[in-house]
Amino acid sequence: MRAFTVVSGLVAPMDRANVDTDLIIPKQFLKSIKRSGFGPNLFDEIRYLDEGQPGQDCADRPINEEFPLNFPRYKGASILLARENFGCGSSREHAPWALEDYGFRCVIASSFADIFYNNCFKNGVLPIALEESVVARLFDEMYASEGYELTVDLQRQRVITPSGEELSFEVDEFRRHCLLEGLDDIGLTLQSAEAIRSYEQGWREQSPWLFDVIK
Amino acid sequence: MTGKTLYDKLWQNHLVEQRDDGSALIYIDRQLIHEVTSPQAFDGLRLAGRKPWRRDANLAVPDHNVPTEQAERAGGVAAIADPISRLQVQTLDDNCDDFDLVKYDINDVRQGIVHVVGPEQGATLPGMTVVCGDSHTSTHGALGALAHGIGTSEVEHVLATQTLIQQKMKNLLVRIDGSLQNGVTAKDVALAVIGQIGTAGGTGYAIEFGGQVLRDMSMEGRMTVCNMSIEAGARMGMVAVDNTTLDYVEGRTYAPKGELWEMAVEAWRDLHSDEDAVFDAVVELRGEDIKPQVTWGTSPEMVLPVDGVLPDPANIDDATRKTAVTRALQYMGLEAGSSIGDIRPDRVFIGSCTNSRIEDLRSAAEVVKGKTVADSVKQALVVPGSGEVKKQAEEEGLDKIFIDAGMEWREPGCSMCLAMNADKLGAGEHCASTSNRNFEGRQGFGGRTHLVSPAMAAAAAVAGHFVDVRDWQEAGQ
Ligand code: SF4
């Protein structure tokens, strides 16, 4: 996983509440058995005017000129600004894969759905929850000035606006550490293999019916 | 010391390691695997040269992509017409062979939607931690298990380590006292709860559903309610173990037998919140107040009782909500201020992990028995949740009732719940659906979903528009 330390970049809007994972990446693309290549289909249903098919070359498709990510001013954005309950719906990790593949390193919203929030950290995408009023203000600032950029400093847990204002955000220690270092969770967990084995042995004695049944 | 909630107990029982940074390592008893969210996890294992930690903890079954038409289904994986779907199902088969995991083939009678199969086979049991790369894993909480959806990286993590790194959730009790009116079902309860707390109401919480309504509810009903916890924002929902649970589990394929059964029951008797347990939040509803529910918009919280009137954005002050309602009405092609009863479904879908169990099919069959689907309805699909459900329904003659009414009787799978196979809505079509999500495009590009109970879907199929199944049944329609 790519480490996340400081990211500065252009901000693009996804200005609606309850953006669900079906909207982030529609189901037909979930048929892929790969982990990459989802970027062109991020927000597919509202980004293009036709119905997207897996494996299709998106360059030839009619685009929805009214969808902000298609505006020239947001081209190359790496920070997505969104509203409440972003990422609700399914557990599909294809959602953060698509965001990451598109080029987003960070999503700022007033709140996130639990599974999506967790999935982001596994893929080098930092979800930042800020107060609703603060998010509203960032939206205003972004709309008001073309080329609006933010800097996100994970080490210091700060979002820095163009005026130099620093907004602090919460992130739990373990996730922060893994993201800063770009660490593979599995490798870390396997350092506790002994503890897992000893737990497992005790649990097996206590609940033998849970073991060796599906064979 | 205050008492523990059911969630606290399940958590405590599975805690391998509590870490100083607030994270914890939790042991996972059962992982269910399906074709959509697993290929990248198996690839990850392969790349790192890892093997499953405990092969007997896993059970795999394809469900999302499988065709439900008998002709296509009969030919097995090789006959799946869509090459991309075929590859995904084939990849699951190959991965399970490679890693020596147990898997049900698409034409095995035990095959079905992963959340129907788990409890049905006794592969998910009270007191377990259950995960699956699918958000409706919350379903299994009905058994008194700690069950939730995970992403693909976590699927790989569980395969490789038999654990997950977790943060403990807060406790939310949703208590529904009293009793339900005739014609009001578990699905209506789930939708009413979401209508009350919203789709983010449960974010950060583990929900326990309790109260007399849940005590009186069948296991299948409890599964319907827990299934939709995720639509209320909570990754997991659960119900305390009681005799209903034990009766349901006893005798199932992977359930303990003989002495082990006795031992298990003794342990399971503790799987309820203590009298003096403290919840971080409590939400209360009265069973009598719940009417049949119908969603009108593009989020499960956009739900109304069947006699409800659609909101008018002009009367909404909050700007975000105003835009959301405006957009939803526009997407759904519905007028502000119109009635639920005016909505005319083009298609009807009875199925999904929410409502495809035998009781769901019985309740739909009871409504359509001796009647026919309205001419205005292009298609009414009935898709059983598993091969076992299908077999049982056929033994009871339910398939005939559906077919005689002009409905299609299909092979088990997710089908039109998310339209990854050929079953889908056309643009602009309305669907009375017993599934769990009404997001834009969920059931097909431009499709318009209305979430309802099986009885309500069946009644709408016959009437050609939404009707209140309570009066409707009384009037002997
Ligand atoms: S039936 Fe629908 S919600 Fe359930 S697992 Fe299948 S696709 Fe997901």
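From a predicted model like this one, the values you see are computed outputs, not experimental measurements.

Regarding the packing of aromatic side chains
For any pair of aromatic rings, the description rests on two quantities: the centre-to-centre distance and the angle between the ring planes.
Then, number 1: In the structure shown here, the tally under the stated rule is 17 aromatic pairs over all chains.
Then, number 2: Between F112 of chain A and Y117 of chain A the ring centres are 5.8 Å apart and the planes differ by 45°, which places this aromatic pair in the tilted class. Here F112 of chain A matches Y117 of chain A in class, with each residue buried.
Then, number 3: An angle of 15° between the planes, with centres 5.9 Å apart, marks the rings of F402 of chain B and W409 of chain B as stacked. This pair shows no difference in class: F402 of chain B is buried, exactly as W409 of chain B is.
Then, number 4: Cluster of aromatic residues (ring-pair linked, three or more members): F86, F112, F116, Y117 and F121 of chain A.
Then, number 5: Residue placement shows R61 of chain A over the ring face of Y48 of chain A; its charged tip is 3.8 Å from the ring centre.

Some words on the packing of helix α13 (residues 358-368) of chain B against helix α16 (residues 454-463) of chain B
Helix packing geometry: the angle between the two helix axes and the distance between the axes.
All names here are of chain B.
Then, number 1: Closest axis-to-axis distance for the α13/α16 pair is 8 Å, and the angle between their directions is 30°. In this view, α13 runs roughly parallel relative to α16, as classed from their interaxial angle. The interaxial crossing formed by α13 with α16 has right-handed handedness. In this structure, α13 uses D360, S363, A364, V367 and V368 to contact α16, whose residues at the interface are P454, A455, A458, A459 and V462.
Then, number 2: Class assignment for the residues of the contact of α13 with α16 results in 8 nonpolar, 1 polar and 1 charged.

Details of the domain arrangement of chain A
Then, number 1: Considered domain by domain, chain A is made up of domain 1 (10-146) and domain 2 (184-215).
Then, number 2: Each of domain 1 of chain A and domain 2 of chain A was reduced to a C-alpha centroid, and the two centroids are 37 Å apart.

Overview of the domain arrangement of chain B
All names here are of chain B.
Then, number 1: Taken domain by domain, chain B comprises domain 1 (6-166), domain 2 (170-289) and domain 3 (293-474).
Then, number 2: Computed from C-alpha atoms alone, the centre-to-centre distance between domain 2 and domain 3 is 24 Å.
Then, number 3: Taking both partners together, domain 2 and domain 3 bury about 1,700 Å²; carbon and sulfur atoms supply 53% of that area.
Then, number 4: Of all residues in domain 2, K187, L191 and E220 give up the largest surface area on contact with domain 3, accounting jointly for 31% of the area buried on that side.
Then, number 5: Our count for the contact surface shared by domain 2 and domain 3 stands at 1 salt bridge.
Then, number 6: With a shortest N-O distance of 2.7 Å, R437 and E231 are connected by a salt bridge.
Then, number 7: Our enumeration of links across domain 2 and domain 3 arrives at 13 residue pairs in polar contact (both at pLDDT 80 or more).
Then, number 8: Residue assignment for the side of domain 2 that touches domain 3 shows that the elements contributing at least two residues are α7 (186-197) and α9 (219-227).
Then, number 9: The element best represented in the side of domain 2 that touches domain 3 is α7, accounting for 6 residues.

Observations concerning the environment of V383 of chain B
All names here are of chain B.
Then, number 1: As for its position among the elements, V383 is in the loop between β16 (379-382) and α14 (387-395).
Then, number 2: When the C-alpha atoms of V383 and G351 are compared, they prove to be 4.9 Å apart, with 32 residues separating the residues in sequence.
Then, number 3: Dropping the residues within four chain positions of it, V383 is found in contact with T68, F349, I350, G351, S356, R410, E411, P412, G413 and S415.

Rules behind the numbers
- Residues numbered from 1 in each chain as written.
- Chains lettered and ligands numbered in written order.
- Predicted model: local features only at pLDDT ≥ 70, side-chain atom pairs only at ≥ 80, totals over all residues.
- Heavy atoms only, no water.
- Phe/Tyr/Trp six-rings, centres within 6.5 Å; stacked < 30°, edge-to-face > 60°.
- Buried < 20%, exposed > 50% of the residue type's maximum accessible area, 1.4 Å probe, protein only.
- Lys NZ or Arg CZ within 6 Å of the ring centre and 35° of its normal.
- Axes fitted to C-alpha atoms, helices over the stretch in contact; angles between N-to-C directions.
- Helix = DSSP H or I, 4+ residues; strand = E, 2+ residues; numbered from the N terminus.
- Parallel < 35°, antiparallel > 145°, perpendicular 65-115°, else oblique.
- Left-handed = near helix turned anticlockwise from the far one by under 90°.
- Contact = heavy atoms within 4.5 Å.
- Nonpolar A, V, L, I, M, F, W, Y, C, P; charged D, E, K, R; others polar.
- Domains from an automatic or database assignment.
- Buried area = accessible area lost by both parts, 1.4 Å probe.
- Salt bridge = Lys/Arg side-chain N within 4 Å of Asp/Glu carboxyl O.
- Polar contact = N/O pair within 3.5 Å; in protein donor to acceptor, adjacent residues only side chain to side chain.

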